[in-house]
Amino acid sequence: MYRRTVPENPNSPATHPLGATHPLALAPVTGPASSVDGFVRQFLRNLNYERGVPLSASSVNDRYFALAMTVRDYLMARWLEDLRRQRETKPKGVCYLSAEYLLGRQLDNNLLASGLGEIATEAMAQCGIDIDEMRAQEVEPGLGNGGLGRLAACFIDSLATMSVPNVGYGIRYEYGIFRQTFVDGQQVEQPDAWLTLGSPWEFPHPEGARKVAFGGHTETYDDGGVTRSRWVPGWHVQAVPYNYMVPGYLNGRVNTLRLWSAVATDAFDLRIFNSGDYEEAVRAQTFAENISKVLYPEDSTPQGKELRLQQQYFFVAASISDFLATTLGDDDIATLPDRVIFQLNDTHPVIAVPELMRVLVDERHLEWDAAWEITKQCFAYTCHTLLPEALEVWSVDLLGRLLPRHLEIIYRINDDFLDEVRERFGDDEMRIRNMSIISEFPERSVRMAYLATVAGSKVNGVAELHSQLLRDKVLPDFNEFFPGKFTNVTNGITPRRFVRLANPGLSELITEAIGTGWLTDLERLRELESYAENPDFRAAFGEVKAANKRRLNEVLFERDGFEVSDGHMLDVMVKRLHEYKRQMLKVLHIVTQYESITSGRVEAADIQPRTFIFGAKAAPGYAMAKRIIHLVNAVGSVVNADPRVEGRLKVLFPPNYNVTLAERVIPAADLSEQISLAGKEASGTGNMKFALNGALTIGTDDGANVEIRELVGDDNFFLFGMSEPQVEDLWAAGYKPADFYQADDNLRRAMDLIASGAFSDGDKSVFEPIVSNLLYDDRFMVLADYSSYIAAQARVDAAYADTDAWTRSAILNVARCGFFSSDRSMRDYIDRIWHTPPML
Ligand SMILES: *Cc1c(COP(=O)(O)O)cnc(C)c1O
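Fair warning: this is a prediction, and the values are worked out from it, not measured in the lab.

J.: Can you explain the domain arrangement of the protein? Please cite residues and give values.
T.: Each assigned domain of the protein is listed here: domain 1 (95–105 + 140–491 + 827–834) and domain 2 (495–820). Contacts between the two partners involve 45 residues from domain 1 and, on the opposite side, 44 residues from domain 2. Between domain 1 and domain 2 the total buried area reaches about 3,500 Å² when both faces are included, carbon and sulfur atoms providing 57% of it. Counting across the domain 1 and domain 2 interface gives 4 salt bridges. Residue glutamate 189 is joined to lysine 626 by a salt bridge in which the shortest nitrogen-to-oxygen separation is 2.8 Å. Counting the contacts that link domain 1 with domain 2 gives 20 residue pairs in polar contact (both at pLDDT 80 or more). Elements with a contribution of two residues or more to the side of domain 1 that touches domain 2: helix H6 (147–161), strand S5 (179–183), strand S6 (186–190) and helix H17 (464–474).

Right under this line is the structure:
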């Protein structure tokens, strides 16, 4: 369905990707020969001519670069061809605007997409090179915090695989998400210098730089009887694009990811340089280049820092300018909505709305109303949260200083909007205040989610429950005012990376059973349902899981020196550390089990052996999250070393959870922990990765868990905890955690053990803030769900004891979760929001 047709005559100038007229340029742009010999030749050529070294004297990094460049060379003709087609046919495309792309390693992904895996492996072997060593050499580009950034990466993979024209726009952070280390069990952040050895996947285009303005003031002027506004900026920076190939899976498509890097403008330097202050000139350069220096490591709680707003405006201004210059070109600006939809991935890029208005009104001299009609059609907004503290606001003071013209435009948009609200509802001042894009307290500021909602053609949540809560609880006035604007698109994940690459054993088993089509049509996993009843298939499935565990053990031993025990249930909670995700509930379960052994109430021999794996980074400024990390490590040291446990409970916390580690851990997991407080997790995507790799979920009725459970069935999912309405009721009634503490002996004993200093060498003060938070001040109601969680874990133990039934459930999880392919998410965006036809 998404296969493309190859042009009939690749030699004709009309179809030539370069479109050049020189006779030599008329030769087809083809990659190297698709053979082991061809690959070896190109590899050696790259090693010699691009790296300037002979094989005999090459470093691992030289060889990795030459290999990556060779893969690139095979994709290049397709990339050029796609760019040419898009220039010619002018399709409507998707510009995905995202401050984060959590890409993961590229080598294997690009080998898979190009179908070169076997050839490359054999070619490397012939050169005496271990391709695994090449894989290990790649530093993953960690240009995102967690789920939101990984979602963007899955989406651009799916768009390329579905032949939808797309440019992903974002920021080329010089330092991505920090590298997490532990010192005495506490998180210490190290800079992620992912570019130190260079990246073979990027194509810098300094000649394509866009100039981005900041600061200054606005003024009005007379333009032949028309009064216009203009922005007189105070300073500029250059945005230099770096292009990355985004190959579709075996379809010959290559889309583009374009990330912007900040450099000082010549003019800026010169002005200061002329003042004779050399030091100041250098400082100015550093100042400009700071903009793309580092990814803000806050997940869910933005800090509202000026540099962050600079980053946001920097990349969207460059992206809009780039799109207009390189894609719209000289075409009528009124046709813009036929050519592009800018999808806003959360509020980070929302400053693009007033930016497009500024370009249309101030630079292209459109009437305000005409410009607004165009702008409204060109944007759509995805909301990713329900936490009020995560909804971004910018103080009017800061915004006015950095982007004075944009602030004026936002005020005008708001005035017009509130006029419409008044027209409809009369002078309902309460409603007006609630719906205003400008909030007055605690300081006057711009609510970016409201701006996006007013401007966007559509607003979507990321799972059914989340979208419903958005409509009913977060933005009810807007839902009433804009009927039909709100919609849902449940998130998804790319099965290419998270099943095929991460779990080759399972992929082979699936393909043997149902053929290859499932990787681009994931609903076909349904055909596995009948295999759940087949004992041979179950045995093979169990063997794949066991092999994945062995592979994980090797990785954890090599990476962290962990010795992992065989025969344990693997119970995994990997995701950002946040109180709403409730890693503390998991800790209380572990401490409860531990306490029941050490107090002698339960024989160690009667406990189901489990290895608990945590993976989680905490925002560096999030003190409670860091304390919880400390506690997990502290509980691990005590539990793992206590002989009374007889090795039946093991707590492992490999540091620096990232995409590469996710690809190893998830395929090995038996149990997936998705235990957020109902109504707090917008969707989750980790939950989907686990289910599609044959782990069973223990989870609350939250985010996409709801849809997972509906699909896999209650028998194949361990549900516990309050529903969202129950959470609301308990909160409204006045939640008293101490009542739950008093009422449950196990809970009391676990809490008391932590409070006693048992995990902190007797020092009661270390974890006291966690204990008192849970007892007196917990917004996320850990204690209220504790007893239900412990009961569900007992059901997990009972179910795991019947290996055959467990495996059957695991197979049914795989078979029934095809819905969670990001290809399906993309189809939903296309049908409900974008209306972009696939390219032929
Ligand atoms: C999928 C993924 C996430 C998101 O996990 P959730 O459980 O949905 O929060 C975060 N980090 C990495 C590295 C991922 O691959």
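What follows picks up the thread again.
J.: Quick one: what's the story with the UniProt feature "modified residue: N6-(pyridoxal phosphate)lysine" (unreviewed entry) in the protein, residue by residue and with numbers?
T.: If you check UniProt for "modified residue: N6-(pyridoxal phosphate)lysine" (unreviewed entry), the listed places come out as Lys689 in our numbering. As for its position among the elements, lysine 689 is in helix H25 (residues 686–692). Once residues within four sequence positions are removed from consideration, lysine 689 is found in contact with Arg150, Ile493, Phe498 and Ile666.

J.: Which residues make up the confidence of the model for the protein, and what values go with them?
T.: In the predicted model, the protein carries a mean pLDDT of 94, and the fraction of residues at 70 or more is 95%. Segment residues 1–16: pLDDT under 50, and 36 contacts once partners within four positions in sequence are set aside and those in other chains are kept.

J.: Help me get a handle on the site of the ligand, residues and values and all.
T.: Contacts to the ligand come from 13 residues, most closely from Lys575, Lys581, Thr685, Gly686 and Lys689. Between the ligand and glycine 686, the relevant distance is 3.0 Å, taken from an oxygen atom to a main-chain nitrogen or oxygen of the residue. Within the side chain of lysine 689, one N or O atom sits 2.6 Å away from an oxygen atom of the ligand. Taken by itself the ligand offers 390 Å² of open surface, and the protein chains cover 96% of this. Elements represented by at least two residues in the shell around the ligand include exactly helix H24 (659–665) and H25. Class assignment for the residues of the shell around the ligand results in 4 nonpolar, 6 polar and 3 charged.

J.: A description of helix H31 (residues 782–801) should follow, citing residues and the corresponding values.
T.: An ideal rise of 1.5 Å per residue puts 28 Å on 20 residues; H31 measures up with 28 Å between its terminal C-alpha atoms. If you look at H31, its biggest bend is around 30°, right at serine 788. Within H31 the residues assigned to the buried category are Val782, Leu783, Ala784, Asp785, Tyr786, Tyr789, Ile790, Ala792, Gln793, Val796 and Tyr800.

J.: Break down the pairing of strand S11 (residues 235–247) for me, with residues and values.
T.: Counting buried positions along S11 yields 11 of 13 residues, so the element is predominantly enclosed. Where strand S7 (residues 202–204) lies against S11, 3 bridges are found, and the strand directions are antiparallel. From the neighbouring strand, proline 204 faces S11, where its bridge partner is tyrosine 242. Two strands pair when backbone bridges link them, and strand S8 (residues 210–214) and S11 are joined in this way by 5 bridges, in the antiparallel orientation. By the bridge assignment, alanine 213 is partnered in S11 with histidine 236. When S11 meets strand S12 (residues 254–264), the two strands line up antiparallel, connected through 11 bridges. In the strand pairing of S12, valine 246 is matched with asparagine 255. Adjacent in sequence and paired antiparallel, S11 and S12 are bridged by 6 residues, among which leucine 250 carries a positive phi angle near 50°.

Thresholds, definitions, all that
- Residues numbered from 1 in each chain as written.
- Predicted model: local features only at pLDDT ≥ 70, side-chain atom pairs only at ≥ 80, totals over all residues.
- Heavy atoms only, no water.
- Domains from an automatic or database assignment.
- Contact = heavy atoms within 4.5 Å.
- Buried area = accessible area lost by both parts, 1.4 Å probe.
- Salt bridge = Lys/Arg side-chain N within 4 Å of Asp/Glu carboxyl O.
- Polar contact = N/O pair within 3.5 Å; in protein donor to acceptor, adjacent residues only side chain to side chain.
- Helix = DSSP H or I, 4+ residues; strand = E, 2+ residues; numbered from the N terminus.
- UniProt positions renumbered as here; feature names shortened; annotations may be inferred.
- pLDDT = per-residue confidence, 0-100.
- Near = heavy atom within 4 Å.
- Areas by Shrake-Rupley, 256 points an atom, 1.4 Å probe, with all protein chains shown as cover.
- Nonpolar A, V, L, I, M, F, W, Y, C, P; charged D, E, K, R; others polar.
- Expected span 1.5 Å × (residues − 1).
- Bend = angle between axes of the 7 residues up to and from the residue.
- Buried < 20%, exposed > 50% of the residue type's maximum accessible area, 1.4 Å probe, protein only.
- Pairing = 2+ DSSP bridges.

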